[in-house]
Amino acid sequence: MKKEIIISGFGGQGVLSMGKILAYSGLMEDKQVTWMPAYGPEQRGGTANVTVIVSNERVSSPILSRYDVAIVLNQPSLDKFEPKIKEGGILIYDGAGIINPPTRKDITIYRVNAMEEAAKMKNSKVFNMIVLGGLLKVCQVVSEHGVEKALFKTLPERHHNLIPLNMEAIESGKKIIEKL
């Protein structure tokens, strides 16, 4: 198993954190991983992205031009990365951030209304974990147990009380993701 994933959206949406948690989850499960963030001065408000590779085999290079899975959280990210998904790949997008929906017919497209769900949960900070839950439902690259272990590793100890909320957000994402 090897999954090459790009996660992209506006700075502040938790894109890099989601990638980091995904990579740490792979590590917790003794998988080979790479985590390669890409952002500049636009980190807050501009587009940021992260490439994550999770594999059972050694990863030769973290640099990719085509992806198995793309998670896009805004229109510029969809415009940039939809053409770079491998044929037969997966595209996941948040309904609130996309004006012109994806058009490709040779990939599987999922919509997760994470922004709306985060508002229902009364916590905008779980937005990225809702999206991650959607990913885990349609592409089990790591387990929920691995994610929970990763949260304990990546979150400062003072925020460990938020881990149950994050796990609840993952469950919500699994329930609301829909195939188009």
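Structural data are supplied above this passage.
Worth saying up front: this structure is predicted, and the values here are computed from it rather than measured. (Residues numbered from 1 in each chain as written. Predicted model: local features only at pLDDT ≥ 70, side-chain atom pairs only at ≥ 80, totals over all residues. Heavy atoms only, no water.)

A. Just the pairing of strand 6 (residues 108–112), in detail. Pairing of strand 5 (residues 85–94) with strand 6, which is carried by 5 bridges, proceeds in the parallel orientation. Opposite L91, over in strand 6, you have I109 as the bridge partner. As defined by bridge partners, strand 6 adjoins strand 7 (residues 178–179) across 2 bridges and the pair is classed as antiparallel. Pairing of Y110 across the sheet is with K179, part of strand 7. (Pairing = 2+ DSSP bridges. Helix = DSSP H or I, 4+ residues; strand = E, 2+ residues; numbered from the N terminus.)

B. Region of interest: the side chain of E82. The topology assignment puts E82 in the loop between helix 2 (75–81) and strand 5. Here E82 is buried and forms no salt bridge, its nearest opposite-charge partner R104 lying at an N-O distance of 5.4 Å. At a separation of 2.8 Å, a polar atom in the side chain of E82 contacts the main-chain amide nitrogen of T103. Those residues in contact with E82, other than ones at most four positions away along the chain, are S77, P102, T103 and R104. (Buried < 20%, exposed > 50% of the residue type's maximum accessible area, 1.4 Å probe, protein only. Lys, Arg positive; Asp, Glu negative; His and termini not counted. Salt bridge = Lys/Arg side-chain N within 4 Å of Asp/Glu carboxyl O. Polar contact = N/O pair within 3.5 Å; in protein donor to acceptor, adjacent residues only side chain to side chain. Contact = heavy atoms within 4.5 Å.)

C. Focus on the packing of helix 1 (residues 15–28) against helix 5 (residues 144–154). The interhelical angle for the contact between helix 1 and helix 5, taken along N-to-C directions, is 115°, at an axis separation of 8 Å. Relative to helix 5, the element helix 1 lies roughly perpendicular. When you trace helix 1 past helix 5, the crossing you get is right-handed. Residue-level inspection shows K20, I21, Y24, S25 and M28 of helix 1 in contact with helix 5, the latter providing G146, V147, K149, A150, L151, K153 and T154. The class makeup of the residues in the contact of helix 1 with helix 5 is 6 nonpolar, 3 polar and 3 charged. (Axes fitted to C-alpha atoms, helices over the stretch in contact; angles between N-to-C directions. Parallel < 35°, antiparallel > 145°, perpendicular 65-115°, else oblique. Left-handed = near helix turned anticlockwise from the far one by under 90°. Nonpolar A, V, L, I, M, F, W, Y, C, P; charged D, E, K, R; others polar.)

D. Unusual backbone geometry, seen in detail. With a phi close to 60°, D30 is a non-glycine residue in the positive phi region. With respect to the helices and strands, D30 occurs in the loop between helix 1 and strand 2 (32–38).

E. A look at the packing of aromatic side chains. This structure, assessed with the given rule, holds 1 aromatic pair. Pairing Y67 with F81 gives two aromatic rings, centres 6.0 Å apart and planes at 80°, and the pair type is edge-to-face. Here the residue Y67 occupies a position in strand 4 (residues 67–72), and F81 occupies one in helix 2, the gap between them amounting to 14 residues. There is no split in this pair, since Y67 and F81 are both buried. (Phe/Tyr/Trp six-rings, centres within 6.5 Å; stacked < 30°, edge-to-face > 60°.)

F. Structural view of the sheet that holds strand 5. The strand order 2-3-1-4-5-6-7 describes an open sheet built from 7 strands, whose pairing is mixed. Taken across any chain shown, the strands that pair with only one partner, and hence form the sheet edges, are strand 2 and strand 7. Here 9 bridges tie strand 1 (residues 2–10) to strand 3 (residues 47–55), and the two strands are oriented antiparallel to one another. The residue bridging K3 from the neighbouring strand is V54, located in strand 3. Along the sheet, helix 1 contacts strand 1, strand 2, strand 3 and strand 4; its crossing angle with strand 3, the most-contacted strand, is approximately 10°. Here helix 4 (residues 127–138) sits on the sheet in contact with strand 4, strand 5 and strand 6, set at roughly 145° to strand 5.

G. Region of interest: the packing of helix 4 against helix 5. Two elements in contact, helix 4 and helix 5, have axes whose closest approach is 11 Å; the angle formed by their N-to-C orientations is 150°. When the interaxial angle is binned, helix 4 and helix 5 end up roughly antiparallel. Like other packed secondary-structure pairs, helix 4 and helix 5 cross with a definite hand, here right-handed. Residues M129, L132 and L136 of helix 4 form the contact with helix 5, whose participating residues are E144, V147 and L151. Residue classes in the contact of helix 4 with helix 5 are distributed as 5 nonpolar, no polar and 1 charged.

Geometry only, nothing functional implied.
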